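# Fold and contact review
As a plain string of letters, each chain reads:
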Amino acid sequence: MKEYHLEKEVGFKCDTWPAKGVPDIRPFPEECWEILRTLDLKPLRGEYRGFNMDPLLENVDSPMAKGAVRVFESEKIEKICLWWQVLSGRSISGAVIGFPRDDYDFPVMLIDWDEGRGPGHGMVDHMPLCDIVLNEDYRIKYLDKLDGIYRDYYDIIGPPSLHVWFRTLTGPYYSFFRTKSGGTDEYRQRILNLPLKYLKEWADTVKEAKPIEDPAHREYCIKRKKVLQDWLYVRDPVASVMLRCYGKELGSLVMKGLS
Amino acid sequence: MPKVTEEDVVQIEIKIDEEKCVGCGTCIEVCPVQLLELKKVDGKKKTSAPDQSFCLKCHMCEFHCGYEAIKVYPPFEGQQPTDQAKAPMRHRHDH
């Protein structure tokens, strides 16, 4: 049996909070952590963009939702969130969202996935930090490595997000898929393999990343990153769920951890 | 960690306009917690939400309804989807 480090090193595991109607929960957060733990992450503590992140060092608990919203940082990573929630005891949601520090321009890592007794959805992307029409070299350097994976999974990639503001942020290898009802069928396993492959590529990108040399490009990427983060904080529909489940104070903090 | 109680949880209400609802089942399909169900009203299928206590307020039902028959209150505060975004789900249950 494969050994995972998530519970010991982070403080929860995939079935810490059971979800009714979702049998055989795949250890997806464990599999994500096996990749993330190679990035020398440490917990993000104290103030971050006006919010005290310390409450997120513990698991979150409300009458409507239970789970973990852990945020980390490293030398190159400004913030990366590993998010795992069971909502209303019926729906599992997982996410990994990571941003580079100001001195780096590698893409934003995004995994978002939920499933319950009924169908769910998922998405994965390396969101470019700059315009990839004017900066085609950026796409070639950071994004085209996903081309082979994208083609291998092309058959399961479905319609994109409903939200136009979100589609504006996504890269050329953005993948969106719908999960079927809970179960261990081959389709479900395939659609969870896809984000793990993207995450592995992103981790390798981070390890190889060098600081930005051009001050103008650095300034531009910082500006765009901040707008991207603000949009995720304000516009992401999951904010409605977080505020409903956790109330305004903790719900806003959870959204800041994610965005 | 601040303790979250029932009082902190935002109260919601799901309203279904039975005149607009055609019973296509799209909202039922997209609800992540399977809160919604179909019932017979005057011989026709309509969506109902008998137990709203575990609604997540994700507004997926509202976003995907091609007939604007279901609303979740308080309203969604973020960016609204465009009418064009509603179209892809509608064609699957043409009446």
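Just so it is clear, the model here is predicted, and its values are computed rather than measured.

Per the secondary structure count, chain A includes eight helices and ten strands. Against the compact-globule benchmark of 18 Å for 259 residues, chain A has a radius of gyration of 17 Å, which places it among compact chains. Over its C-alpha atoms, taken along the principal directions, chain A stretches across nearly 50 × 45 × 40 Å. Across the 259 residues in chain A, those meeting the buried criterion constitute 58%. Carbon and sulfur atoms make up 51% of the accessible area of chain A, which amounts to about 10800 Å² in all.

What follows is about the overall build of chain B. Within chain B, the regular secondary structure consists of three helices and four strands. Split into buried and exposed, the 95 residues of chain B put 42% on the buried side. A sequence separation of at least 24 residues applies to 51% of the contacts in chain B between residues at least 6 apart. Here chain B displays about 5500 Å² of accessible surface, and carbon together with sulfur accounts for 48% of that area.

Counting from both sides, the interface comprises 30 residues of chain B and, opposite them, 34 residues of chain A. The interface formed by chain B and chain A holds zero salt bridges in total. Between chain B and chain A we count five residue pairs in polar contact (both at pLDDT 80 or more) in total. For the side of chain B that touches chain A, the residue count by class is 16 nonpolar, ten polar and four charged.

All names here are of chain A. Looking at the secondary structure, you find Gly171 in the loop between α5 (164-169) and β10 (175-179). Separated by 45 residues in sequence, Gly171 and His126 place their C-alpha atoms 6.3 Å apart. If sequence neighbours within four positions are ignored, Gly171 has contacts with Asp125, His126 and Pro128.

Another aspect to go through is the environment of Gly50(A). Mapped onto the secondary structure, Gly50(A) falls in the loop between β2 (47-48) and β3 (51-52). Spatially, the C-alpha atoms of Gly50(A) and Glu249(A) are 13 Å apart, while their sequence positions differ by 199 residues.

Take the side chain of Arg244(A) next. Among the secondary structure elements, Arg244(A) is positioned in helix α8 (residues 238-258). Salt bridges are absent for the buried Arg244(A), whose nearest opposite-charge side chain, Glu6(B), sits at 7.1 Å. Here the side chain of Arg244(A) touches Ser53(B) through a polar contact of 3.1 Å, landing on its backbone oxygen. At 2.8 Å, the side chain of Arg244(A) and the backbone oxygen of Cys55(B) are in polar contact. Setting aside residues no more than four positions away along its own chain, Arg244(A) makes contact with Met64(A), Val9(B), Val10(B), Gln11(B), Ile12(B), Gln52(B), Ser53(B), Phe54(B), Cys55(B), Leu56(B) and Lys57(B).

Now for the confidence of the model for chain B. Residues and elements named next belong to chain B. Mean pLDDT over chain B works out to 80, with 78% of the residues at or above the 70 mark. Per-element confidence in chain B ranges from a low mean pLDDT of 37 for helix α3 (residues 83-90) to a high of 95 for strand β1 (residues 13-16). Every residue in residues 79-95 is under pLDDT 50, and counting partners more than four places away or in other chains gives 25 contacts. Scoring of the predicted complex yields 0.90 for pTM and 0.79 for ipTM.

About the criteria used
- Residues numbered from 1 in each chain as written.
- Chains lettered and ligands numbered in written order.
- Predicted model: local features only at pLDDT ≥ 70, side-chain atom pairs only at ≥ 80, totals over all residues.
- Heavy atoms only, no water.
- Helix = DSSP H or I, 4+ residues; strand = E, 2+ residues; numbered from the N terminus.
- Rg over C-alpha atoms; globule rule 2.2 N^0.38 Å.
- Buried < 20%, exposed > 50% of the residue type's maximum accessible area, 1.4 Å probe, protein only.
- Areas by Shrake-Rupley, 256 points an atom, 1.4 Å probe, with all protein chains shown as cover.
- Contact = heavy atoms within 4.5 Å.
- Salt bridge = Lys/Arg side-chain N within 4 Å of Asp/Glu carboxyl O.
- Polar contact = N/O pair within 3.5 Å; in protein donor to acceptor, adjacent residues only side chain to side chain.
- Nonpolar A, V, L, I, M, F, W, Y, C, P; charged D, E, K, R; others polar.
- Lys, Arg positive; Asp, Glu negative; His and termini not counted.
- pLDDT = per-residue confidence, 0-100.

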